[in-house]
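# Summary of the model geometry
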Amino acid sequence: MPHPGRRLILLSALSAPALLRGPQAAAQGTTLELAVGAPPTSMDPHFHTLTPNMALGQHVFDNLVHRDAEARLRPGLAEAWRLVDDSTWEFRLRRGVTFHNGEPFTAEDVLYTLDRVPRVANSPGSFSVFTKGIVSPEVVDPHTLRFKTNGVYPLLPADLSQVAILWHGIGGNNLTSDFNSGRAAIGTGPFRLAAYRHGERAELERNPRYWGEAPAWDKVNYRVIANDGGRVAALRAGDIAFIDAVPTNDIARLRTEPRVVLSETVSLRSIYLRPDFRAESPYVSGPNGEALARNPLTDQRVREALSIAINRAAICERTMSGAALPIGQFMPPGTYGHVPDLPPPAFDPERARRLLAEAGFPQGFSITLHASNDRYVNDAQVAQSVGQMWQRIGVRTRVEAIPYAAFSQRTARSDTSMALGGWANSSGEPSGGLRGLLGTRDVARGWGTVNRTGYSNPVFDQTVARALNTADDEAREGLMQEATRIAVRDVGWIPLHIQKNIWGMRQGLTHTPRADEMTLAHDVRPGR
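### Looking at the confidence of the model for the chain
- For the chain, per-residue confidence averages 91 on the pLDDT scale, and residues scoring 70 or more make up 94% of the total.
- Counted against residues more than four places away or in other chains, residues 1–28, with its pLDDT under 50, gives 86 contacts.

As structure tokens, then:
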């Protein structure tokens, strides 16, 4: 089976899952009590390219191609795939798979899914970036599909690892609310959806027909506890057996707790800032609040000044308590697409002041930095740290940190001048971020699906496009690295750090930590 990238991911876990004594309070019977910090925005697996949505969706739905814990491609609903010629991929579907309602999985379901993805109403982050590589699909037989691409497109299996397959029988015009109600939430995943309370919990039941390895749990209560202190308290009290996003301030203390075990790995999640490239920006003004003739953020010198005014090492050490790595690009060291000669920007506030003066802002300016306060690890605190550093170079910064539900609506309508964001790179290589975050917005093409800033560079776009049509792994990686260099020179975005993923669990459980930060009940098992 050809692999579209020999070195898509090279990360390894920092700690292997511990084998612990009896289950104790790990589960109530065969029910796993699990809590996550970031709320999913929908049960619709095609609504939003958001890790909490995708993680919850992976319990109920399934993809043609799987990713293992280190983000390497593995067979899923497709048991094999191969290049027939330079512009044709053939996927052989797994036989004997049934949906939760007993209906057989066939090529018709894949066609239905591909047709639906670009038509999801009001999507704040479309999955079409992962389906636009397919020019036309062809059904060879009920368990064989061929996908025509526009020339060589080696990343199609990687793209399809991000797309959940739906049963065609749910029909057309399904709204996101139909999935939240459970009516349309019919998948082939290891669990069935029993109930969903938006922003609170999902109740899952084991799928007895699941084709893969059976999960350890008959039922899972997949709860949302956004408050860090509340989540940790529930774990320590035994009310919850497993949590994600362990607060950095609690890591040292929890390591000493005899009844708590931590599971951790370096992630693929990069945290960054998004500057507004529009000629007029809503939350930028002069030093005293006066209107400006132009948006300072359109000047590359200003963006560079803001970047080098940030002490990334200090944020990682103090704000993140060591649970992060400073970064100057999307991909962490050792991964496919990482650029070795692009270190994090050096902290240089004096040069930052000079750049502001050269750009015509010797007295600085005023700006609002928008951020979520319940989505990424220490997101509000990171934003406050950045704001304080900008104050020191004369940029009067107001930080507005709000719940992610409201924050995502604001960013979807491009109602920010500077915003904190995160990209999980769950595909294991940088093309998704390069296309989706930095590519020139083109709905028909599926590019710029979450480009909220207006950044656009034709040379960057052309370089990424060449990479997507390059079959040789090494040559393709070189082109992605060159595209990254272009965006870094432009300061098209301001990378901050790579998060470490840290989960906490009651003694008596084992867990496989994932680089893509997905929290999956089927990765949790009683200790042996």
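### Observations regarding the packing of aromatic side chains
- Counted according to the given criterion, the structure contains twelve aromatic pairs.
- Here the aromatic rings of Y210 and W211 are separated by 5.5 Å at their centres, their planes lie at 45 degrees, and the arrangement is tilted.
- Residue W211 is classed as partly exposed on the basis of its relative accessible area, which comes to 26%.
- Taking 6.1 Å as the distance between ring centres and 70 degrees as the angle between the ring planes, the aromatic pair formed by Y455 and F460 counts as edge-to-face.
- Here the aromatic residues W81, W89, F91 and F147 are joined through ring pairs into a cluster of three or more.
- Against the face of W447 rests R445, its NZ or CZ located 3.9 Å from the ring centre.

### Details of the environment of H198
- Within the secondary structure layout, H198 lies in the loop between β10 (191–197) and β11 (201–206).
- Separated by 155 residues in sequence, H198 and M43 have C-alpha atoms that sit 8.6 Å apart.
- If sequence neighbours within four positions are ignored, H198 has contacts with P40, T41 and S42.
- Within the local environment of H198, its side chain forms a polar contact with the side chain of Y196, the two groups lying 3.0 Å apart.

### Points about empty space enclosed by the protein
- Tallied over the entire structure, the rule returns five cavities of 30 Å³ or more.
- A volume near 380 Å³ is recorded for the largest cavity.
- Mapped by element, the contributors of at least two residues to the lining of the largest cavity are α1 (51–60), β14 (260–275), α11 (404–412), β19 (418–423) and α12 (431–438).
- For the lining of the largest cavity, the element with the highest residue contribution is α11, accounting for five residues.
- Grouping the constituent residues of the lining of the largest cavity by class yields 13 nonpolar, twelve polar and four charged.
- Looking at the second largest cavity, its volume works out to about 100 Å³.
- In this structure, the second largest cavity is lined by P45, N53, M54, G57, Q58, F61, N63, F127, S161, Q162 and A164.
- Here the element with the most residues in the lining of the second largest cavity is α1; it accounts for four residues.

So, how was this worked out
Residues numbered from 1 in each chain as written. Predicted model: local features only at pLDDT ≥ 70, side-chain atom pairs only at ≥ 80, totals over all residues. Heavy atoms only, no water. pLDDT = per-residue confidence, 0-100. Contact = heavy atoms within 4.5 Å. Phe/Tyr/Trp six-rings, centres within 6.5 Å; stacked < 30°, edge-to-face > 60°. Buried < 20%, exposed > 50% of the residue type's maximum accessible area, 1.4 Å probe, protein only. Lys NZ or Arg CZ within 6 Å of the ring centre and 35° of its normal. Helix = DSSP H or I, 4+ residues; strand = E, 2+ residues; numbered from the N terminus. Polar contact = N/O pair within 3.5 Å; in protein donor to acceptor, adjacent residues only side chain to side chain. 1 Å grid on protein atoms, 1.4 Å probe; cavity = no way out; pocket = protein on both sides within 12 Å on 5 of 7 lines; lining within 4 Å. Points joined across faces, edges and corners; volume = space filled by probe spheres on them. Nonpolar A, V, L, I, M, F, W, Y, C, P; charged D, E, K, R; others polar.

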